[in-house]
Each structure stands twice: as structure tokens, then as C-alpha cells.
Amino acid sequence: VRQKSQLGDGNNTLIANYASDVTLGNGDNRISGNTIQNLTAGNGNNSFDVGFLMDAGEWKMGDGKNNIHIALQNGSIKTGDGDNTIVIDEILSANRIITGAGNDSVHIHSDAIGLYINLGNGDNQFTVDGNAALLEYIGGNGKDDLTIEGFLARSSIAVGYGDNTLSIKGFILDSQIFTGQGNN
């Protein structure tokens, strides 16, 4: 069942157990709930605390400081420019995370399997508490700090210009790591 919710410009709050199509205007928006499948938000400082983004769902946000807490299943998150924080409790299947310029932080509290992540220019942090496989990470220019607590397998990591740090605490198997200019 598709459910559409449209909220205009302003500081909006939405609490929903399930919503399939949510559109928010510019402003400081807040969403909490269980499942939000598709979301479009304008510019502003947004805060989203949702149990799942699932089944080919897509979240798109404009410029601003976005705070997102979610579990991902076949989903896509795209933010505009600004300092974004994304916390993911669990990753299931293929997912995409793309951020604009700014100091972004992505923390995954599980294994990261089948994840494409592109953090734009800025001083970015990316942390995986478990293992990473089939991971494609692209970092822009700036100081990137990547930590993978487990192993890295069949993955590709490319960081841009800047003083970057990469820490993999497990083994590396069939993976590629590329660095730009800087003290890496």
C-alpha cells in the first residue's frame, strides 16, 4: 500500500509506523518511525530516526546538516552539501550512500556487505564495526579517516587528496586501495 505525505516549507515533524512516499519542504524537519521507503527533503537541518529504509527505497536531502539513524535494506541515501551524520544499525543487501561537500560521518554498527559509499570533499569519517565485503568507497579531497574493525574482502577503497588514515584490523583479501596526494 503506497502512502503519500507532503509537508511544505517550515519545521515539520512526522511520526509514522510506515510511509512509502514522503516529501518535505525546506526547513528543520524531524521524522521518527519504523519504515519510510522514499523520502525527499529540501534544504535544512534534518533529523531522521527510522527503523528501516527498505525495498529499493530512496532518500534525497538538500543542503544542510542532516542527522540520520537507520537500518538499510536495498536502499539509497543522498545528501546535499553540509556536515552530515549517518548511523546505520544494520545493512542488508546492496545499498548506496552519497554525500555532498562537508565534514561527513558514517558509522555502521554491523557488517557492511554490498555497499557503495561516496563521501564528497571534506574531512570525512567512515567506520564499520564488523567486516566489509563488496564495499566500494570513494572519498573526495580532504582528510578522510576510515576504520574497519574486521576484514576487508573483494572491495575497493579510493581516497582523494589530503592526509588520510585507513585502519583495517582484520585481513585484506582480493581488494584494492588507492590514495591521492598527501600524507597517507
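Here is a short report on the structure shown in this document. Keep in mind the model is a prediction, meaning the values are calculated, not measured.

Describing the overall build of the protein chain
What the protein chain contains, in helices and strands, is zero helices and 19 strands. Over its C-alpha atoms the protein chain spans a radius of gyration of 16 Å, differing by no more than 12% from the 16 Å that the globule rule assigns to 184 residues. Projected onto its principal axes, the C-alpha coordinates of the protein chain cover approximately 45 × 30 × 20 Å. Put simply, the protein chain has 184 residues, and 47% of those count as buried. For the protein chain, long-range pairs separated by at least 24 residues make up 1% of all intrachain contacts whose partners lie at least 6 apart in sequence. Accessible surface, the protein chain as shown: approximately 8400 Å² in total, 47% of it carbon and sulfur.

Notes on the environment of Asn-118
Here Asn-118 lies in strand S11 (residues 112-119). Residue contacts for Asn-118: discarding those within four places in its chain leaves Ile-97, Ile-98, Thr-99 and Ile-138.

Thoughts on the environment of Gln-6
With respect to the helices, strands and loops of the structure, Gln-6 is situated in strand S1 (residues 4-7). The exposure class of Gln-6 is exposed, given its relative accessible area of 71%. A sequence separation of 34 residues divides Gln-6 from Thr-40, and the C-alpha atoms of the two residues are 9.5 Å apart.

Here's the deal with the pattern of salt bridges
If you walk through the whole model with that rule in mind, you get three salt bridges. In this structure, the salt-bridge partner of Lys-60 is Glu-58, at a minimum N-O distance of 3.9 Å. We classify Lys-60 as partly exposed; its relative accessible area is 37%. Lys-169 is paired through a salt bridge with Glu-149; the nearest N and O atoms lie 3.4 Å apart.

About the thresholds
- Per chain, the residues get numbers from 1 upward, laid out in the order the sequence is written.
- Only residues with pLDDT of 70 or above have their local features reported here, since the model is predicted, and side-chain atom pairs are shown and tallied only from 80 upward, although totals for entire chains, interfaces and linings are computed over all residues.
- In computing side-chain values, all of the structure's heavy atoms are included and hydrogens and water are not.
- A run of H or I in DSSP becomes a helix once it reaches four residues, and a run of E becomes a strand once it reaches two; helices and strands are each numbered from the N terminus.
- Note on method: radius of gyration uses C-alpha positions; expected globular size equals 2.2 Å times residues raised to 0.38.
- For every residue, the accessible area obtained with a 1.4 Å probe (protein chains only) is divided by the maximum for its type, and the residue is called buried under 20%, exposed over 50%, and partly exposed between those limits.
- Note on contacts: a residue pair is in contact if any heavy atoms of the two residues lie within 4.5 Å.
- Using a 1.4 Å probe, the Shrake-Rupley method yields the accessible areas, and only the shown protein chains count as cover for residues.
- Salt bridge, as used here: a side-chain nitrogen of Lys or Arg that lies within 4 Å of a carboxyl oxygen of Asp or Glu.

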